Amino acid sequence: MSSQLREVKTACHVCHGGCGAIVTLDGDRLVNIRPDPDSPLSKGRMCPKGLHGLELVYSPRRLQYPMKRAGKRGEGKWQRISWEEAYSILAENIARIRRESGPESIVVAQGTGRRHLKHTCRFANALGTPNWIEPGTAQCFFPRVCTGMITYGTMPVVDYYGEKAPGVILVWGSNPTVSGADGELQFHIRDAMKKGSRVIVVDPKRTELADKADLHLQIRPGTDAALALGILNFLISNKLYDRAFVEEWTYGFDQLAERCRDYPLDKVSAITGLAAEEIGQAALLMSAHLPCALEWGCALEHTPNCFQTVRALALIPAILGSFDVPGGFIEGMHLMPEADILIHKLPDEQGYKRMGEAEYKLLAGVGNACPAAHVPTLFHAMKTGEPYPIRGLLLFGNNGLMGFANSKDTYAAYSNMEFISCMDLFMTPTAELADLVLPASSWLEADGVYSAPSLAGHVVLCQKKLCQIGECKQDEEVFCELARRLGLDYEAEDFHKILNDQLSHVAARCPEYAGLDFERMKEINYIQIPIEYEQYKKRGKFQTPTGKLELWSTTMEQLGLDPLPSFREPPESPVSQPELAQEYPLILTTGGRQRGYFISENRQVPSLRRLAPFPLCEIHPEDAATYGIADGEWVYIASPRGKITQKAKVTDRQKKGVVNCQLGWWYPEVETPDHGWMESNCNLLTSNEPPYDPNSGTYQLRALLCRISPNPEGKRIEERYYNSDITKEK
């Protein structure tokens, strides 16, 4: 290796994953990224997003300096300014709105949670606003976290890390060979299968994993809770559960058994569209190949029965005695806490002002560890001023026009703001609505520590700043400086103090890391400790109000909510709205993933865009024939809320009668300020209207109704891309 070249180990955080990377630098310039074979998580593997990180970092489309709006909002006219002026604009507007209308009139928002998630919450709480939001709080991961906490007293994860592989992995509403979220990387399940783990996939689509699974249940979208309750009923009625564990360590088994009697296999078959025999076969496979681990995904959290759905699923490994045993659904080591969000600094009287606090206690209630505002309620206030005015919007990595349901409503809410700032990597359609745009650091330009898998934390990873592009800054750095200028008690002049506070917990727990701080962590790269099992036995209790694994949730009972899981038909489905189904005869699911993209990111990264240049709408061949659709043809997909276009992929992998749209699509090659956000964005079809989940406030992103038809003009989208600079960039 040349004396000019050096290699540095770091952790990729371009998504939720945490793959180990070795980055080669030539002086100050990054020249190569390869997987780190020593990483305790990824073990020498990375996905395309991380491997093509140099194209992202050095993209000519990157935001590299602060800019303020120079014309009308959304007109696309910008003026470069200094960070000093940007900070002054931010601080002056925040202070003015806070003084005139109270801190609750300012919304602090971010996109899907990554390195800066808890820092965003911390800033909101220090500022005094209860109105912090992120698209996933009611729709992705957080309902599963809350379910884990009130049921198990912790958030369980699949044990991919010990000597013993899971006996059977129940993959439900997840596609882990593509997405690999939250530190449970897409490679892990493949490794487990090589060790002999059986796999059951529940998904309307026959995924790559379903091809290799022992059983694939091609369920009708939105009926997952009924299937889970049917499986529980089969296990209980046939005495296939772990009687000793249930009797000693669970609370509410008799009540659960009584509830599940309402879901015999013939009834569940009629609801889900699955044969009774295959449901029974799935239950038998689970009980015969213990321990059973659950790989669940955000598809389960996309209907207004979200919370009871994930509750029902969570109880399957519980009654099988598969909790916190080798190869099971384990508690984890909680090696390092997340950054302190300073929730104690937000007075209760402010917490009670949080949008949705009174209605959705498990999302927004005072007393939650990390409460968030209810997005539809908040957007209503942004548009109408009721129950109180919302005037300011601070966005950090939030491309909300793509991430929230009913994008036209998001546009109306954002457009009505008096002041908007947006910090991001690129100029997105959402950033174009701002008054102030700030350039954010990528994962290769940022310091951070990360505990994985999320909340279970067997491993601590170190992310390192390796380069500086233009005037880009970390979000965490901006929070600290804003707090100083606003006179907030942020308990950190520099965000490295927050990282050191997190690492001090590792040092306190592990004597061999005494005095650990971020500078030393940069040398260590990764910390991993052995997994301890059956921690509840060592404590003598579960960390729940009853000290038991709560099948009957006393937390929900105390809040006046149903303490047992139940099924509710989605409010917009062929069953609940048969007349509407005459006009919109197909079932719509959204959220399809592509390996090179993360939600709405990376469409401007040439190598990743070439992997999947256009959005795909998957349709069964019989449906395609019915509606005159040819494979590769552009089609319109319409719902009661709008119409978009995507490219048809005609495949028998998709369940007949179901259309699956990919998410996050906008077109950076469109030079106008809208960047084509209304052309193929599946959230123009989804609903943020009531009814909402009574527990978590979740709206309907899947199991909706739609229709399809040919779009003869769609080819222009392909021509525009192939004539753009993105195809020429390297």
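What counts, and where the lines are drawn
- Residues numbered from 1 in each chain as written.
- Predicted model: local features only at pLDDT ≥ 70, side-chain atom pairs only at ≥ 80, totals over all residues.
- Heavy atoms only, no water.
- Axes fitted to C-alpha atoms, helices over the stretch in contact; angles between N-to-C directions.
- Helix = DSSP H or I, 4+ residues; strand = E, 2+ residues; numbered from the N terminus.
- Parallel < 35°, antiparallel > 145°, perpendicular 65-115°, else oblique.
- Left-handed = near helix turned anticlockwise from the far one by under 90°.
- Contact = heavy atoms within 4.5 Å.
- Buried < 20%, exposed > 50% of the residue type's maximum accessible area, 1.4 Å probe, protein only.
- Pairing = 2+ DSSP bridges.
- Right-handed = clockwise from strand over helix to strand, strands pointing away.
- 1 Å grid on protein atoms, 1.4 Å probe; cavity = no way out; pocket = protein on both sides within 12 Å on 5 of 7 lines; lining within 4 Å.
- Points joined across faces, edges and corners; volume = space filled by probe spheres on them.
- Nonpolar A, V, L, I, M, F, W, Y, C, P; charged D, E, K, R; others polar.
- Phe/Tyr/Trp six-rings, centres within 6.5 Å; stacked < 30°, edge-to-face > 60°.
- Lys NZ or Arg CZ within 6 Å of the ring centre and 35° of its normal.
- Disulfide = S-S within 2.5 Å.

Q: Any details on the packing of helix α8 (residues 224-237) against helix α11 (residues 265-272)? Residues and values, ideally.
A: Relative to each other, α8 and α11 sit at 165°, their axes nearing to 9 Å. If you check the angle between α8 and α11, you find them roughly antiparallel. Remark: the crossing between α8 and α11 carries left-handed chirality. In contact with Ala226, Leu227, Gly230 and Phe234 of α8, α11 contributes Leu265, Val268, Ile271 and Thr272.

Q: Explain the environment of phenylalanine 187 to me, and be specific about the residues and the numbers.
A: Position of phenylalanine 187 among the secondary structure elements: in the loop between β9 (168-172) and α6 (188-194). Separated by 10 residues in sequence, phenylalanine 187 and threonine 177 place their C-alpha atoms 6.7 Å apart. Sequence-distant contacts of phenylalanine 187, defined by excluding residues within four places in its chain, comprise Cys19, Ser42, Arg45, Met46 and Cys47.

Q: Provide a residue-level description of the pairing of strand β6 (residues 106-110), including the pertinent values.
A: Here β6 lies mainly inside the structure; five of its five residues are buried. Of the two faces of β6, the one lined by Ile106, Val108 and Gln110 and the one lined by Val107 and Ala109 are each fully buried. Bridge analysis of β6 against strand β15 (residues 392-396) gives five bridges, and the strand direction is parallel. By the bridge assignment for β15, glutamine 110 is matched with phenylalanine 396. Note: β6 against strand β7 (residues 132-133), two bridges, orientation parallel. Residue pairing in the sheet places alanine 109 in a bridge with isoleucine 133 of β7. Since β6 and β7 lie parallel, the crossover through helix α4 (residues 117-127) that links them has a hand, and here it is right-handed.

Q: Just give me the short version of the sheet that holds strand β25 (residues 642-650), but keep the residues and values in it.
A: Backbone hydrogen bonds are what pair the strands of a sheet, in a parallel or an antiparallel way. As summarised here, the arrangement of the six strands in space is β22-β26-β23-β25-β24-β27, forming a closed barrel in which the pairing is mixed. Across this sheet, the average inter-strand angle for adjacent strands is 45°, counted without regard to direction. Bridging between strand β23 (residues 616-619) and strand β26 (residues 658-662) involves two bridges; their strand directions are antiparallel. Of the residues in β26, the one forming a bridge with glutamate 618 is asparagine 660.

Q: Explain the environment of aspartate 562 residue by residue, including any values.
A: As for its placement among the helices and strands, aspartate 562 is situated in the loop between α23 (554-558) and α24 (578-583). Given a relative accessible area of 28%, aspartate 562 falls into the partly exposed group. Along the backbone, aspartate 562 and tryptophan 552 are 10 residues apart, and their C-alpha atoms lie at a distance of 8.9 Å. With residues near it in sequence (within four places) discarded, aspartate 562 still touches Arg259, Gln308 and Met556.

Q: Which residues make up the layout of surface pockets, and what values do they have?
A: By volume, the second largest pocket amounts to about 280 Å³. Lining the second largest pocket we find 14 residues, and of these Arg61, Met427, Pro668, Glu671 and His675 sit closest to its centre. The residue inventory of the lining of the second largest pocket, partitioned by class, reads eight nonpolar, three polar and three charged.

Q: How would you explain the sheet that holds β9 if you had to name every residue and give the values?
A: Overall, parallel pairing links the four strands, which are arranged β11-β10-β9-β13 in an open sheet. The open sheet has two edge strands with one neighbour each: β11 (215-217) and β13 (292-296). Along the sheet, successive strands turn relative to each other by an average axial angle of 15°, direction set aside. Where β9 meets strand β10 (residues 198-202), five bridges bridge the pair, whose relative direction is parallel. Along β10, the bridge assignment pairs tryptophan 172 with valine 202. Set on the sheet, α8 makes contact with β9, β10 and β11; between it and β9 the angle comes to about 155°.

Q: How would you explain empty space enclosed by the protein if you had to name every residue and give the values?
A: Inspection of every chain in the model, using the stated rule, returns six cavities of 30 Å³ or more. Estimated volume of the largest cavity: approximately 230 Å³. Taken together, 16 residues line the largest cavity, and the ones lying closest to its centre are Arg114, Arg115, His116, Leu425 and Ser441. Class assignment for the residues of the lining of the largest cavity results in six nonpolar, five polar and five charged.

Q: Give me the lowdown on unusual backbone geometry, citing residues and values where you can.
A: In this chain, leucine 290 is followed by proline 291 through a cis amide linkage whose omega measures 0°. Mapped onto the secondary structure, proline 291 falls in the loop between α12 (276-288) and β13. Here the bond from proline 690 into proline 691 is cis, since omega is 5°, no more than 30 degrees from zero. Among the secondary structure elements, proline 691 is positioned in the loop between β26 and β27 (704-710). At asparagine 525, a residue that is not glycine, the phi angle is positive and equals roughly 75°. Secondary-structure assignment places asparagine 525 in the loop between α21 (518-524) and β20 (526-528). Positioned with a positive phi, glutamate 534 is a non-glycine residue whose angle comes to about 50°. Looking at where glutamate 534 falls in the secondary structure, it is placed in the loop between β20 and α22 (535-539).

Q: Help me get a handle on the packing of aromatic side chains, residues and values and all.
A: In total, this model carries 25 aromatic pairs according to the counting rule given. Arranged with centres 5.2 Å apart and planes meeting at 40°, the rings of tryptophan 83 and tyrosine 87 form a pair that is tilted. Of this pair, tryptophan 83 and tyrosine 87 both sit in helix α3 (residues 83-101), four residues apart, which is roughly one turn of that helix. Residue tryptophan 83 is classed as buried on the basis of its relative accessible area, which comes to 9%. A centroid spacing of 5.9 Å and a plane angle of 80° characterise the contact between phenylalanine 379 and tyrosine 414, whose relative ring orientation is edge-to-face. Of this pair, phenylalanine 379 sits in helix α16 (residues 375-384) while tyrosine 414 is found in helix α18 (residues 407-415), placing the two residues 35 residues apart along the sequence. These aromatic residues form a ring-pair network of at least three members: Tyr152, Phe245, Trp249, Trp296, Phe323, Phe329, Tyr536 and Phe542. A cation over an aromatic ring shows up here: arginine 80 above the ring of tyrosine 65, its NZ or CZ 4.0 Å from the ring centre.

Q: Run through the state of the cysteines, naming residues and quoting values.
A: Summed over all chains, the structure comprises zero disulfides. Cysteine 19 forms no disulfide, and the closest cysteine sulfur to it belongs to cysteine 47, at a distance of 6.0 Å. Relative accessible area serves as the criterion here: at 10%, cysteine 19 is assigned to the buried category. Not part of a disulfide, cysteine 292 finds its nearest cysteine sulfur in cysteine 260, a span of 15 Å.

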